[in-house]
Amino acid sequence: MNTRAALFRTIGAPLSIETIALDPPKPTEVLVRIAAVGLCRTDLHVMRGERRVAMQPMVLGHEAAGVVEATGPAVEGIAPGDHVVLTFIPGCGVCRWCAQGLHHLCAEGPRITQGPQLDGSYRRRDAHGEDVGAFCMIGGFAERTVVDRASVIVIDKDIPLDLAALVACGVPAGVGAARHRANVKAGDSVLVVGCGGDGMNVVQGARLCGATTIIAADIAPYKRELALSFGATHTTDAQGEALTRAVHALTDGVGVNHAFVCIDPATTLLPAFRATQKAGNIVVTAITPDTVKQIDVPPLELFATQKAIMGAVYGFMSPRLQIPALLRLYRAGDLKLRELITRTYALADINQGYADLEAGKNLRGVVVF
Ligand SMILES: [Zn+2]
Ligand SMILES: [Zn+2]
């Protein structure tokens with residue numbers, strides 16, 4: 001069949017809206033009609049060439065939800081009509097990480113920037129017959145996609161699909177970083193640097209954990225304003241050393257228990273590290289451009305203060321468990337999802353959506369079909 005898709009062809013150029021050929025699902029694969037896909041900053045890093053992918057053309061988009069239209073003969077437990085969220089790291093189910101329930105660390109994860117399907121072949125071709133890759137083995141910026149069952153999580157049908165899409169990336173990344181990586185406890189203090197798609201969800205994750213001081217740092221006034229409604233107790237536009245001083249002033253001079261680096265770690269990690277109290281946690285949820293090879297933290301300071309610097313992908317929990325759990329929290333009224341969406345776009349207007357993200361206008365833009 002043919003499908004409309006937004007193709008990444010050239011670094012620095014807008015995505016190209018084209019009709020491409022899409023093959024039917026192989027035995028372990030699923031054909032999904034995409035209902036909604038979020039405009040995450042990670043795809044923008046790829047478009048700018050800051051995060052390299054192995055091939056072009058490629059269909060980007062990795063924060064997607066939709067409806068199953070067909071399944072391969074070896075697929076069990078997924079049927080046409082099912083509502084699904086697609087995970088941007090497949091869970092192969094058999095590697096040493098998946099065997100421990102750590103699907104977010106699946107051994108296949110490093111291949112998600114390569115372009116082919118999980119089995120190494122391609123399902124998409126452009127008008128010239130050239131193979132088209134699928135970012136994160138999803139290729140969500142398209143009307144339809146074919147993905148391995150390892151990327152598919154069936155969800156309840158009462159959840160609106162535009163909200164379900166958010167739970168494919170930004171929401172678990174942020175909420176999980178607070179709950180499962182830092183293990184924020186009731187009464188703790190938290191700093192969130194960068195209140196975008198990840199950071200705003202760290203704020204609500206910290207609130208869910210019972211943190212009593214949640215400091216939201218962002219240069220955009222509307223994100224600081226919004227952070228208060230997501231659970232922040234204080235906001236600041238301070239950066240660098242001024243941010244460290246501002247946090248110390250709010251925490252009896254000792255710093256927070258946990259700091260979350262949710263934007264540009266190259267410039268924010270050290271101020272966040274120094275805004276964290278002794279034996280505290282610094283959690284990095286943001287992608288750093290490939291050109292940044294290292295970030296300096298004074299080793300004696302690390303040793304003497306006994307802090308932990310850690311990464312968190314997908315909120316450090318299997319999406320197979322975390323995504324349904326987050327949707328239960330939403331249904332119970334404990335998790336904000338609708339409030340995360342700033343604007344929606346048609347696929348044809350996806351470049352405007354990314355322009356709005358770059359201009360700092362969007363917390364989350366979503367393409368709805
Ligand atoms: Zn994302
Ligand atoms: Zn695996």
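Residues numbered from 1 in each chain as written. Chains lettered and ligands numbered in written order. Predicted model: local features only at pLDDT ≥ 70, side-chain atom pairs only at ≥ 80, totals over all residues. Heavy atoms only, no water.

## Some thoughts on the coordination of the zinc ion (ligand 2)
Where we set the bar: A donor here means any N, O or S atom no more than 2.8 Å from the metal (3.2 Å for Na, K and Ca); water is not included, so a site may seem to lack partners. Only two sets of limits are used to name each site, 85 to 135 degrees for every angle of a tetrahedral four-donor site, and over 155 degrees for opposite donors with all other angles from 65 to 115 for a square planar four-donor or octahedral six-donor site, with any other site named irregular. Three exposure classes are used, based on accessible area relative to the maximum for each residue type with a 1.4 Å probe and protein chains only: buried under 20%, partly exposed in between, and exposed over 50%.
Every protein donor of the zinc ion (ligand 2) is accounted for by C92 (SG), C95 (SG), C98 (SG) and C106 (SG), and the metal-donor separations fall at 2.3 to 2.4 Å. Taken together, the four donor atoms coordinating the zinc ion (ligand 2) span angles of 104 to 118 degrees at the metal, a pattern that classifies the geometry as tetrahedral. One chain supplies every donor for the zinc ion (ligand 2), spaced along it as C-x2-C-x2-C-x7-C. On the accessibility criterion, C92 (26% relative accessible area) is partly exposed. Residue C95 is classed as buried on the basis of its relative accessible area, which comes to 12%.

## Thoughts on the side chain of Q322
The line we're drawing: Runs of H or I in DSSP of at least four residues are treated as helices and runs of E of at least two as strands, each being numbered from the N terminus.
With respect to the secondary-structure elements, Q322 resides in helix α10 (residues 319–331). On the accessibility criterion, Q322 (1% relative accessible area) is buried.

## Observations regarding the coordination of the zinc ion (ligand 1)
Those donors, C40 (SG), H62 (NE2) and C169 (SG), are the protein atoms that reach the zinc ion (ligand 1), and they lie 2.0 to 2.3 Å from it. Mapping the donors of the zinc ion (ligand 1) onto the primary sequence yields the spacing C-x21-H-x106-C. One end of the pair, H62, is in the loop between β4 (58–59) and β5 (64–71); the other, C169, is in the loop between α3 (161–166) and α4 (170–181), with 107 residues separating them in the sequence. The residues H62 and C169 share a single accessibility class, namely buried.

## What about the nonpolar core?
In plain terms, the rule: Only buried residues count toward a nonpolar core. Its members are Ala, Val, Leu, Ile, Met, Phe, Trp, Tyr and Cys residues joined through side-chain atoms within 4.5 Å. Each domain span listed reflects an automatic or database assignment of domains.
One finds L60, L86, F141, I155, V171, F260 and I350 to be the most contacted residues of the largest nonpolar core, which totals 98 residues. Counting residues domain by domain, this core receives three or more from each of domain 1 (2–168 + 336–368) and domain 2 (174–313). In this structure, L243, V247, V256 and A275 belong to the second largest nonpolar core, which totals 15 residues.

## What to know about the sheet that holds strand β14 (residues 256–261)
The condition that has to hold: Whether two strands pair comes down to DSSP finding at least two bridges between them. Between the N-to-C directions of two axes lies an angle of 0 to 180 degrees, each axis being a line fitted to C-alpha atoms and, for a helix, fitted only over the stretch in contact.
Strand order in the open sheet formed by six strands is β13-β12-β11-β14-β15-β16, and the pairing between neighbours is parallel. Of all strands in the sheet, those bounded by a partner on one side alone are β13 (234–236) and β16 (308–311). Sheet twist, expressed as the average angle between the axes of neighbouring strands with direction ignored, equals 20 degrees. Bridge count between strand β11 (residues 189–193) and β14: four bridges; the pairing is parallel.

Note that every value here comes from positions in space, so none of it alone points to a role or purpose.
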